[in-house]
Amino acid sequence: MTTTAQLPLSRTPVKPFYFNTSAHLLRITTQKANTLAELLDALRVCPDDSIFQHAFRTLQELHFIREGFSNDFAHWALTARNEPGLAEQLASVDVREFTSLGELRERFVQIVEKHLQLNPADGRRMAEETFYFCAADIVVMPTKFVAETLPDFAKGLREVSVHSIHHHFIEARLRIKLMSNDFSQWLYEDVGLTDIARALNRIDIYTVTLEDVRKQMLRIVERSLA
Amino acid sequence: MKSQAATNTQSPSPHTEAQPHDRPVLSAQPTPLRPERRTLPRTWETPPAPVPAPHLDDYQTIVGTAELDELRFLARELKGKTMKMVNSTAVGGGVAEMLNRLVPLLGELEVTTHWDVITGGNDFFEVTKAFHNALHGSEYQLTRSAQEIFLAYNEQNRQRMQFREDMVVIHDPQPAALIGSRKDSPGRWVWRCHIDLSNPNPQVWEFLRPFIEQFDAAIFSSQSFARQLPIPQYLFYPCIDPLSEKNKDLDESFVQKVCDEFGVDRTRPIVTQVSRFDRLKDPVGVVQAFKLARKYVDCQLVLAGGGASDDPEGALVLKEVKEVAGDDPDIIILDLPPWCALEINALQRASTIVVQKSIKEGFGLTVTEALWKGKPTIAGAVGGIPNQIIHKLTGMLVHSVEGCAYQIRYLLTHPDFAAQLGRNGREHVKENFLMTTNVRRWLLLLRTLLRVGTPTGTPFS
């Protein structure tokens, strides 16, 4: 989002916002890792779906947790390998900074490679638990909520499932290939509310639950309606 | 509540009379007066009448309208499709319990689901029980005779059954050889394995593997249970039904009544393990952990389980537990019949902490039940338990008696942290381990294998 004049709230959106949601079927893949060297090998060759599953889907499956969890790789480094330094590095990867899974995969690979260069013995040390690579097949579904006005949008935000919030707010950037999300894009492009769009996009998904994200979004949107 | 027709009976209790016991030197609190304990637990001689299965709308207050709308959307394009579930028992056991709820819900969504149970003689079930234990890793010598018995009964059932459905789901190894009918069947075939196959007896696994490899897909309850197979493998966590007698909300008065009957003092912390009396559930270790913890914090231990009356090994384990417990009046051991779901529910709800200190475990649905009730839970880091308990976030994982004792002390003295674990645990179950989530997985699998509806894929594809 760069420059667009702020338009009045009474303006009818250029097109409505259709709230969708998604459901996931988990597959167990053939890749697994007992050591960091094996994790690195698997990270390089696993399907994109696995990177998506372990980086993006964690935020959905554990959407109710505020602290201590950002992606499965970081969690494994801490709990199964007791390597807090590596865990911090892996946890610092913010999925919102990536619009492709290839870039995201490369970032994880770089972090593990660097750690192994500095700590070569860690590569062979067995973890307490195996890391199993999974992958998700996804079905996108419509919901009954369609926003033709900003109050409709607020109603939709209030009532859709957290899966829908995750679909539009977190998964979206892989689809639209932008450092943004579906809600902000609609507010910016179709309603002309640049500031509100930006405010939504600034919400930190890593320090709050998805319900908190919903509440923050609602506060921002409802404030603009007041 | 139990049916009016149920008869109250009394059976021997582990403690027939309260004995004064030596309070530990470091005990934090004097023991307050306790309500009089029943010397004999109140149990029922015969099971109560089965409760009718709930409808989809009954789950609305628990999972919300949006979740149910998603199920209806997923089912819409599957309308008229059919499934067949095949397992080896209609009553008892987790699989039958799950199918009893799943089948009507799928039917309500217009995915007609038939449920067939294979038949067999005692010799067949002796063989399949041995297979079951061997697949869990027990020593076993697979004989030609056992193979022949397994194959003969499977063939007998195969001749008797028809497989016209769009998807046929075979549960566990007992009916695995029914896959022989696949070539004459129009549907997709799925093997649903409820067993931990992480360390199977090689002879039994190699005998079964050629059957399993003929399926279109396999489903496991945990990533760690899966095997290297040339077919797609899916992860379906087991689930609990939040509306079942074991998990539904209870009136406080009923919880109090059950505690009164069993002599559980609700004015003091209650630590509970619900499990059959089985060494793999380590009830002796739980008693030891409790005794260590109680040096520092006042609490009672409830060990509620069953299996001692119809299983010689269970009776032996119960005897060992009683010996370790000694005459400690704060250790309440209850050997309950399997139809005491409401009482188990009440005991879990009355608990301050729930423990499941298993040494080996399948998925550990008693952990799921405790988490669903918002109870801070301490459990062994085995089997499917780490899928449910994320250490320090949704519960506490332990690896030893001492670790278990420490976490009991910690949670009893840090109630705010314990309460947060309980809240997180309940949300974890709501998101991942409820019956409605299970229905969603079956619908997704059906869509995927039958290639129905919107193509599946990742958001970037």
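Computed from a prediction, not measured in an experiment: that's the story for all the values here.

1. Description of the overall build of chain B
Right, so step 1: A count of helices and strands for chain B gives 15 helices and 14 strands.
Right, so step 2: Per-residue burial for chain B yields a buried fraction of 47% across its 461 residues.
Right, so step 3: For chain B, the proportion of contacts with a sequence separation of at least 24, taken over those separated by at least 6, is 72%.

2. Some details on the overall build of chain A
Right, so step 1: Along its length, chain A carries ten helices and two strands.
Right, so step 2: Listed by position from the N terminus, the elements making up chain A come as β-α-α-α-α-α-β-α-α-α-α-α.
Right, so step 3: Summarising its shape, the C-alpha atoms of chain A cover approximately 65 × 30 × 25 Å along the three principal directions.
Right, so step 4: In chain A, once contacts between residues fewer than 6 apart in sequence are set aside, the share between residues at least 24 apart is 71%.

3. Some thoughts on the pairing of strand β11 (residues 331-335) of chain B
Residues and elements named next belong to chain B.
Right, so step 1: With five of five residues buried, β11 is to be regarded as a mostly interior element.
Right, so step 2: Residues I331, I333 and D335 of β11 are buried on one face, and the alternating residues I332 and L334, pointing to the opposite face, are buried as well.
Right, so step 3: As paired strands, strand β10 (residues 300-305) and β11 are joined by five bridges and run parallel to one another. The residue bridging L301 from the neighbouring strand is I331, located in β11.

4. Considerations on the environment of W442 of chain B
All names here are of chain B.
Right, so step 1: If you trace the backbone, W442 turns up in helix α15 (residues 435-450).
Right, so step 2: Overall, the presence of 27 C-beta atoms within 10 Å leaves W442 in the buried class.
Right, so step 3: In this structure, the C-alpha to C-alpha distance between W442 and V398, residues 44 residues apart in sequence, is 33 Å.

5. Quick look at the packing of helix α8 (residues 283-293) of chain B against helix α9 (residues 312-325) of chain B
All names here are of chain B.
Right, so step 1: Between α8 and α9, whose axes approach to 9 Å, the crossing angle comes to 10°. With respect to α9, the element α8 is oriented roughly parallel. Judged by the sense of rotation from one axis to the other, the crossing of α8 with α9 is right-handed. For the pair α8 and α9, the contacting residues are P283, V284, V287 and Q288 in the first and V317, E320, V321, V324 and A325 in the second.
Right, so step 2: Classifying every residue of the contact of α8 with α9 gives seven nonpolar, one polar and one charged.

6. Observations concerning the interface of chain A and chain B
Right, so step 1: Contacts between chain A and chain B engage 34 residues on the former and 35 residues on the latter.
Right, so step 2: Listed by contribution, the elements that provide at least two residues to the side of chain A that touches chain B are β1 (17-33), α2 (48-61), β2 (131-147) and α7 (162-176) of chain A.
Right, so step 3: The element that contributes the greatest number of residues to the side of chain A that touches chain B is β2 of chain A, accounting for nine residues.
Right, so step 4: When its residues are assigned to classes, the side of chain A that touches chain B shows 17 nonpolar, seven polar and ten charged.
Right, so step 5: Pairing geometry for β1 of chain A and strand β8 (residues 233-235) of chain B, over two bridges, is antiparallel. What sits directly across from I28 of chain A, in β8 of chain B, is Q233 of chain B.

7. Topic: the confidence of the model for chain B
All names here are of chain B.
Right, so step 1: Looking at chain B as a whole, its pLDDT mean stands at 87, while 87% of the residues score no less than 70.
Right, so step 2: In this model, residues 1-35 is a region of pLDDT below 50 whose contacts with residues beyond four sequence positions or in other chains number 54 contacts.
Right, so step 3: Ignoring residues within four places in sequence, the model shows residues 455-461, a span with pLDDT below 50, making 18 contacts including any to other chains.
Right, so step 4: For this predicted complex, the interface score ipTM comes out at 0.88, alongside a pTM of 0.87.

8. Points about helix α11 (residues 365-372) of chain B
Residue and element names in this part refer to chain B.
Right, so step 1: Of all the eight residues making up α11, eight are buried; the element is thus mostly covered by neighbouring parts of the structure.
Right, so step 2: Of all the residues in α11, the buried ones are L365, T366, V367, T368, E369, A370, L371 and W372.
Right, so step 3: Residue G374 follows α11 closely and has a positive phi angle near 70°.

9. Some thoughts on the pairing of β10 of chain B
Residue and element names in this part refer to chain B.
Right, so step 1: Within β10, six of the six residues are buried, leaving the element largely enclosed by the surrounding structure.
Right, so step 2: Side chains of β10 alternate between two faces, with Q300, V302 and A304 and L301, L303 and G305 buried alike.
Right, so step 3: Taken together, the five bridges between strand β9 (residues 270-274) and β10 define a ladder with parallel strand orientation. Residue pairing across strands places V274 opposite A304, the latter belonging to β10.
Right, so step 4: In terms of handedness, the path from β9 via α8 over to β10 forms a crossover that is right-handed.

10. Focus on unusual backbone geometry
The general pattern is negative phi for most residues beyond glycine and trans for most peptide bonds.
Right, so step 1: With phi around 55°, N82 of chain A is a residue other than glycine that occupies positive phi space.
Right, so step 2: Locating N82 of chain A in the fold gives a position in the loop between α3 (72-79) and α4 (84-91).
Right, so step 3: The class for N82 of chain A is exposed, based on 12 C-beta atoms found within 10 Å.
Right, so step 4: Backbone geometry places D282 of chain B, a non-glycine residue, at a positive phi of 50°.
Right, so step 5: Its place among the elements puts D282 of chain B in the loop between β9 and α8.

11. Digging into the sheet that holds strand β13 (residues 377-380) of chain B
All names here are of chain B.
Right, so step 1: Pairing is parallel in the open sheet, where six strands are placed in the order β11-β10-β9-β12-β13-β14. Among the strands making up the open sheet, the edge pair consists of β11 and β14 (396-398). Taking the axes of each pair of neighbouring strands and ignoring which way they run, one obtains an average angle of 20° across the sheet.
Right, so step 2: In the packing of helix α10 (residues 341-350) onto the sheet, contacts are made with β9, β10 and β12 (353-356), and the angle to β9 comes to roughly 145°.

12. Considerations on the nonpolar core
Right, so step 1: Core analysis: the largest hydrophobic core is formed by 196 residues, its most contacted members being L187 of chain A together with F290, V302, I408 and L443 of chain B.
Right, so step 2: It is β2 of chain A that provides the largest number of residues to this core, a total of eleven residues.
Right, so step 3: Non-local contacts of L187 of chain A, meaning those with residues more than four positions away in its chain, are made with L193, I196, A197 and L200 of chain A.

13. Observations concerning the environment of V111 of chain B
Right, so step 1: By secondary structure assignment, the location of V111 of chain B is in the loop between α3 (94-108) and β4 (112-117).
Right, so step 2: Beyond its immediate stretch of four places on either side in the chain, V111 of chain B contacts A75, L78, K81, M83, L106 and L446 of chain B.

14. Things to note about the sheet that holds strand β7 (residues 217-220) of chain B
Right, so step 1: If you walk across this open sheet you meet the eight strands as β2(A)-β1(A)-β8(B)-β7(B)-β6(B)-β5(B)-β3(B)-β4(B), and the pairing is mixed. One side of each edge strand has no neighbouring strand; the edge strands of this open sheet are β2 of chain A together with β4 of chain B. Averaged over all neighbouring strand pairs, the angle between strand axes comes to 25°, with direction disregarded.
Right, so step 2: Across the sheet, helix α6 (residues 150-159) of chain A lies against β1 and β2 of chain A, angled at about 140° from β2 of chain A, the strand it touches most.

15. What about the packing of α2 of chain A against helix α5 (residues 101-118) of chain A?
Residue and element names in this part refer to chain A.
Right, so step 1: At their nearest, the axes of α2 and α5 sit 10 Å apart, and the two run at 70° to each other. The pairing of α2 with α5 is recorded here as roughly perpendicular in orientation. Contacts between α2 and α5 pair D48, I51, F52 and A55 from the former with L101, L104 and R105 from the latter.
Right, so step 2: For the contact of α2 with α5, a count of residues per class yields five nonpolar, no polar and two charged.

Cut-offs applied
- Residues numbered from 1 in each chain as written.
- Chains lettered and ligands numbered in written order.
- Predicted model: local features only at pLDDT ≥ 70, side-chain atom pairs only at ≥ 80, totals over all residues.
- Helix = DSSP H or I, 4+ residues; strand = E, 2+ residues; numbered from the N terminus.
- Buried ≥ 20, exposed ≤ 12 C-beta atoms within 10 Å, placed from the backbone.
- Contact = placed C-beta atoms within 7 Å.
- Pairing = 2+ DSSP bridges.
- Axes fitted to C-alpha atoms, helices over the stretch in contact; angles between N-to-C directions.
- Parallel < 35°, antiparallel > 145°, perpendicular 65-115°, else oblique.
- Left-handed = near helix turned anticlockwise from the far one by under 90°.
- Nonpolar A, V, L, I, M, F, W, Y, C, P; charged D, E, K, R; others polar.
- pLDDT = per-residue confidence, 0-100.
- Right-handed = clockwise from strand over helix to strand, strands pointing away.
- Core = buried A, V, L, I, M, F, W, Y, C linked by C-beta atoms within 7 Å.

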